[in-house]
Each structure stands twice: as structure tokens, then as C-alpha cells.
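Breakdown of the fold
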Amino acid sequence: MTRSVSRGEASWHRVPPVLGLLWVFALAACASDGAFEQESFEAATGDDTPAERAGLGFTREGALERASPVGSERARQAEAARVVRELWEVAGARGAPGEAWTFDYQVHGGALTLLSFRRTATGQGAGATVEWSGFSRELTRSLSTLVGVKPRRLRFTLERGLERWRFDLETVRGPVAVHARTVPESLPGASGPLVSDALTVARQLLPASRVPWEGRVHERARLQFEGLRLHPEVALGVFEVQEGSGRRTAPGSADLRMPVVQALLPFANAVGSRTVEVELEGRHVRGEAEPRWRVVAAATLEPSAPAEEMRDIAREYRAMQEDILRHWREEVRDRARLAGVWSFEQLAYWYVGGFIAKGALGAMEAVAPTVVAVLGRGGAKAAQWFRTVLIRTPPAEREALQRIWMKVEAEGLVALEAGEQAELRHILARAEKALHEPLDRQAKKRLRQWARREYFETVNPRLARELGPLRMEEYEIHHRIPLEYARLFPRMDINQGTNLVALERTVHRSINRVWESVGQQAQRLDNRQVEALSRVIDQQYGSWFHRIHVPAESASALATAEQNALRAVKGLLER
């Protein structure tokens, strides 16, 4: 007799991937914007910390580069040993003769991430007892060498004979799983909170109706993993009684949950948010006091491709998620150690990817509408814009944001306590307010440094090569929309490449004089007037943009351009 009862389907998140470490060379030369302030060479080169000087985050063609740490041989051996333990916990310890299983793993850099497993044949009777020592000895010895480090999917096949398990290993087709780890580690055992999560989930999976006496039931459900945690809520699917009348049920106890828990825990060793679909079998055998429960199949569902606006940051975001989980396991979550590890641009990619992937933007809109509007567009441009938000954020608040969002990555939004939620809203509200206020001196100083380094490293490296290090000191970076008016353009990345121009110093000083001619009216200008003034500068000085210039050869032309610009600006202001 079979009866089916639908309990609904689980919705699940589509989560794009992450970032890691990168390098950038620092050009030791002046980076003055020059519109209203002149800075010394020493001030313009900045007083960044060594970590900030080494990696402000600018990379060629807008792609973040990640250092690729290669795990040690000991780490790869630890990965292999963990896989053998997972095979044993799910199949080996309770297998009957004739039983067969397949386990699919993603290999990447020597790291092994469980993708799915399934019982492909049921066994009967009782063969000789298989000891853990014999089971592990045959597999562990050569597994770390066999799996290699190249990205590929491996399938382990286990078949139970009368006296032992037989093993087979093959490569199978399939894309690289986005939730797979890429660096081998000696992972610690399951944490107390994770085991507690799994016990809570197992309690829901073992239905109250129990297992019919001498009968069998089948159940399907979807679970949600977030970082290192398993959400306690379960989306129950189909429950079927496949054998037995159901008029009498076998008694159960809390101990029945442990085989289920042991089958769920391996799926926590992955990255990001992911949905795992599980199938369970409950069976009562004549002569036994309690039924047996086993997870007979489980698979991490492949997410849909990220939305188009997320594709350019998906990989970087995923890589950074992996770094977060690694640091979290090393118990740095309550310290500010990571402040000097990641650049502002890496952090920006991480936040933007996380805010979108975890559906956090909706909750932020009330306190930070401009931030939500820009980040909602997604992509690299949104991340590059958000780095300027970070530079306007006080260091203490940046550290707090980093601490809170690390916890979200490791345990999910639901893990935030009320105080942490309030703190996050406060930080975002302050960031929103700062977008509409004048930049302070320190923020302008930092943005000038960024503008220079990014321009010569990524926007126009050809000009940097043509100038050479010595002559480059004579060139400054002009913001077409000056930093002083950033408050009028809160949704604009003031340091975006299209707003940056390299100019020989005498030309830039001439442009400064034009902007300074605005005088006391500067504070009353609106964004349209600033754009109009910027177009005047472009028209009169465009022939000197992004080019090598010899001052003595065009002094007369430069003077004419300045006079024409001053007259045009005066005319605009008198309208």
C-alpha cells in the first residue's frame, strides 16, 4: 500500500560566488585633484598603512586577482581522510551484503567537496562485520594522490560483499560546482552549533506518524545551508508509506536521529548558501524494538546562473566567502585582524555580492535608499561605487560592518542578534547621510591617492609607460567632476575611469584657476551647473587630456584656453 502527502516545496537562494587577495604597484608621485587645494608631494603620496599601500584593490581590466594558496600535502591527506570518514558514516558502518552506493565529489586544488550521494542497490541479510580500520586502510593510503588537484568531479562507488566493501573511482562529467571549496584544509570536526542544527533538523525529518510495524516509509525534504550552519527550518516534501498497514507503529527514540545527523554534516563543508535535497528511508524489521532511519540519497542542488548584473563579480565574491569561512574557523571573528588583509575594493565586491545574494537590500532601503538603489543594479560598477562609500565611513564603523557581515557569511542573516541588526542599520544610515555631505579632508586625500594609482595602473597604463617614473611626477590626475562636488552626485563613482584625466602640472593648475573663479557661489551650485562647468573645461582643455605635454611649446595656447574658459564660466554663472 502506498499513500502520498505533499508538504510543499522549499524555496532556495541563488548565490553567486567571491574574492581573494590581489596586488598592485604604488606609483610614488603626487595625486592632487587640484580643484581647490594644493598638496605637497609627501601629503599626496599618503600615510596609508603598509597593507593599504600594498593593495588598494585596483586590477587590470576590472578583474580582481586572487592569490591562490596551495594547500600542503598534509592538508590534502587530511581531505582524503575526511572523505573516507564520510563514506563510512553514511554507508560503511551499516551496510548489508549486496548494498551499493555512489558518492560524487568536486575536486578543486586538492580540496574535496561532497556534492551528492545515493544508495543504488539495497542489501539483504548479515555478512561479516566490517571494521573501521580495515575500511579506512584500503582507501586512505592512496586517495590523496589519486584525486589530484585539477578541477573535476569524482565518483566513488561502494559495493558491499559478504566480508568487505569494494571500491571504485572514476571521473564524471559536470561543471565545476560553485559551492565547492578550492583550498585543501585540515578541517576541524563539526562545531557544537552545527551539530545542534542537525539534531533539530533530524527531529523534524523523522515524522510523528512513525514507521509502520514491519513496514517501510520514504520521505523527501529540502534543507538550507548557510556558510557553516544548517538552517533549523525544514521544507518537507513527499512522505510515503511504502510497506505496512500503518495500523501499528514501531516506537522510536532520540537515538534514531544520529544516522541522519551524520549524513547531513558533510554538506556543511562547502561555501555560500546552498540547498540540499534529501531522501530518507525508515524501516522496521521483525524482531527489532525500534525502526531504522537512513538518508538514502542527498544532493546539493545546482543553482541557476547568476543574474546578468551579478556575473562579473560572482567568482570574486565566492572566493572571498571561502576566505571568510577559513578565518571564521580559525576564530578571528571577534577581532579586527582582517582589516589589513583585504583591500577596499575587495571588501566592496564582498559586500555588494553578499547584500544581493542574501536578499538584504530590501531591509536596508528605509535607512539607505541611495545605497540600495545603486547596489541593486549589481555588477562591478556597483562594487566600485561602494568602495567610495567605504572610504567615507569612519574606521570604527568599517570594522563593525566587517565583523557583522562576516557573521552573516558564516551563519546567515538569521544569526544576527537584535543589537547587531540595529548596529548594521545605524552604519548604513550614516553611510547614506555621508553621501549627501561634503567630503572631509581625509576622504579627499585618500580618493586622490586612489585616483592616481588606478589611472596609471588600469585606466591608462600605456601613458604610464610612455612617461616613465621620473616624468610621471610632473603629471596630476584631474577629476572632471571635482571631489568638492561629489555630494551633488551621490550615485556616481567619483573615481570612475571616465571621470579621471591625466594632465601635466601647468595645465592642471590652469584648470584649477578656472574652478576657483566660481568663488563664493561654489556652495550654491547644483549638479546641472557643475556638469555645465565641467563641459566648459573639457571643451577648452580637451587637447591636453591623457597626453604628453611640453609646457614651453603651448604656453600661448594654454593662456588662451584659460581666458576662454573664464569667460564661459562667468557667462554661465550670470544666467
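Residues numbered from 1 in each chain as written. Predicted model: local features only at pLDDT ≥ 70, side-chain atom pairs only at ≥ 80, totals over all residues. Heavy atoms only, no water.

**A few points about the overall build of the protein**
Along the backbone of the protein there are 18 helices and 14 strands. Each of the 575 residues in the protein was classed as buried or not, and the buried ones make up 54%. Long-range pairs, those at least 24 residues apart, make up 78% of the contacts in the protein between residues at least 6 apart in sequence. Summed over all atoms, the accessible surface of the protein reaches about 25700 Å², with 50% contributed by carbon and sulfur. (Helix = DSSP H or I, 4+ residues; strand = E, 2+ residues; numbered from the N terminus. Buried < 20%, exposed > 50% of the residue type's maximum accessible area, 1.4 Å probe, protein only. Contact = heavy atoms within 4.5 Å. Areas by Shrake-Rupley, 256 points an atom, 1.4 Å probe, with all protein chains shown as cover.)

**Regarding the packing of aromatic side chains**
One pass over the structure, following the stated rule, counts 19 aromatic pairs. The interplanar angle of 20 degrees and the centroid separation of 6.0 Å between the aromatic rings of Tyr 351 and Phe 355 together place this pair among those described as stacked. Of the two residues, Tyr 351 and Phe 355 are both situated in helix α8 (residues 344–357); the distance of four residues between them amounts to about one turn of the helix. With respect to burial, Tyr 351 and Phe 355 carry one shared label: buried. Ring geometry for Phe 355 and Phe 386: centres 6.1 Å apart, planes at 85 degrees, overall edge-to-face. (Phe/Tyr/Trp six-rings, centres within 6.5 Å; stacked < 30°, edge-to-face > 60°.)

**Some points on unusual backbone geometry**
Positive phi, normally seen in glycine, also occurs at Glu 214, with a value near 55 degrees. Inspection of the secondary structure puts Glu 214 in the loop between β6 (211–212) and β7 (216–226). For His 546, which is not glycine, the phi dihedral falls at a positive 60 degrees.

**Here we look at the packing of helix α12 (residues 395–411) against helix α13 (residues 418–435)**
Interaxial distance between α12 and α13 falls to 10 Å at its minimum, and their mutual angle equals 135 degrees. Judged by the inter-axis angle, α12 sits oblique to α13. The way α12 lies across α13 gives a crossing that is left-handed. On the side of α12, the interface is formed by Glu 397, Ala 400, Leu 401, Arg 403, Ile 404, Trp 405 and Lys 407, while α13 contributes Glu 420, Glu 423, Leu 424, His 426, Ile 427 and Arg 430. Residue composition of the contact of α12 with α13, by class: six nonpolar, one polar and six charged. (Axes fitted to C-alpha atoms, helices over the stretch in contact; angles between N-to-C directions. Parallel < 35°, antiparallel > 145°, perpendicular 65-115°, else oblique. Left-handed = near helix turned anticlockwise from the far one by under 90°. Nonpolar A, V, L, I, M, F, W, Y, C, P; charged D, E, K, R; others polar.)

**A word on the packing of helix α16 (residues 505–516) against helix α18 (residues 555–574)**
Contact pair α16 / α18: the axes reach a minimum separation of 9 Å and the direction vectors enclose 20 degrees. Comparing the axis directions of α16 and α18 gives the class roughly parallel. Pair α16 / α18 crosses with right-handed handedness. From α16, Thr 506, Val 507, Ser 510, Arg 513 and Val 514 reach across to α18, where they touch Leu 558, Glu 562, Ala 565, Leu 566 and Val 569. For the contact of α16 with α18, a count of residues per class yields six nonpolar, two polar and two charged.

**Section: the pairing of strand β12 (residues 292–300)**
A large share of β12 lies buried, amounting to seven of its nine residues. Bridge analysis of strand β11 (residues 273–283) against β12 gives eight bridges, and the strand direction is antiparallel. Residue pairing across strands places Gly 282 opposite Trp 293, the latter belonging to β12. (Pairing = 2+ DSSP bridges.)

**Points about the environment of Pro 175**
By the element assignment, Pro 175 lies in the loop between β5 (165–172) and α5 (192–205). According to the relative accessible area criterion, Pro 175 is exposed, its value standing at 55%. The spatial distance from the C-alpha of Pro 175 to the C-alpha of Gln 106 is 9.3 Å, given a sequence separation of 69 residues.

**Quick notes on helix α3 (residues 73–90)**
The end-to-end C-alpha distance of α3 is 26 Å, a good match for the 26 Å that 18 residues give at a rise of 1.5 Å each. Within α3, the full set of buried residues consists of Ala 75, Arg 76, Glu 79, Ala 80, Arg 82, Val 83, Val 84, Glu 86, Leu 87, Trp 88 and Val 90. (Expected span 1.5 Å × (residues − 1).)

**Description of the side chain of Glu 397**
The residue Glu 397 is located in helix α12 in this model. Ignoring any residue separated from it by four or fewer positions in sequence, one finds Glu 397 in contact with His 426, Ile 427 and Arg 430.

**Comments concerning the environment of Gly 354**
Structurally, Gly 354 can be placed in helix α8. Taking the C-alpha atoms as reference, Gly 354 lies 9.9 Å from Ala 314; in sequence the two are 40 residues apart. Setting aside its immediate chain neighbours within four residues, Gly 354 contacts Tyr 317, Trp 405 and Glu 409.

**Let's talk about the pattern of salt bridges**
A full pass over the atoms with the stated rule returns 27 salt bridges. Among the salt bridges present, the one from Arg 85 reaches Glu 89, with a minimum N-O distance of 3.8 Å. In this pair, Arg 85 and Glu 89 are both assigned in helix α3, four residues apart and thus about one turn of the helix distant. Residue Arg 85 is classed as partly exposed on the basis of its relative accessible area, which comes to 35%. With a closest N to O distance of 3.7 Å, Arg 166 and Glu 159 form a salt bridge. According to the relative accessible area criterion, Arg 166 is partly exposed, its value standing at 42%. The exposure class of Glu 159 is partly exposed, given its relative accessible area of 36%. In the salt-bridge network here, residues are joined through shared partners; they are Glu 79, Arg 82, Glu 86 and Arg 181. (Salt bridge = Lys/Arg side-chain N within 4 Å of Asp/Glu carboxyl O.)

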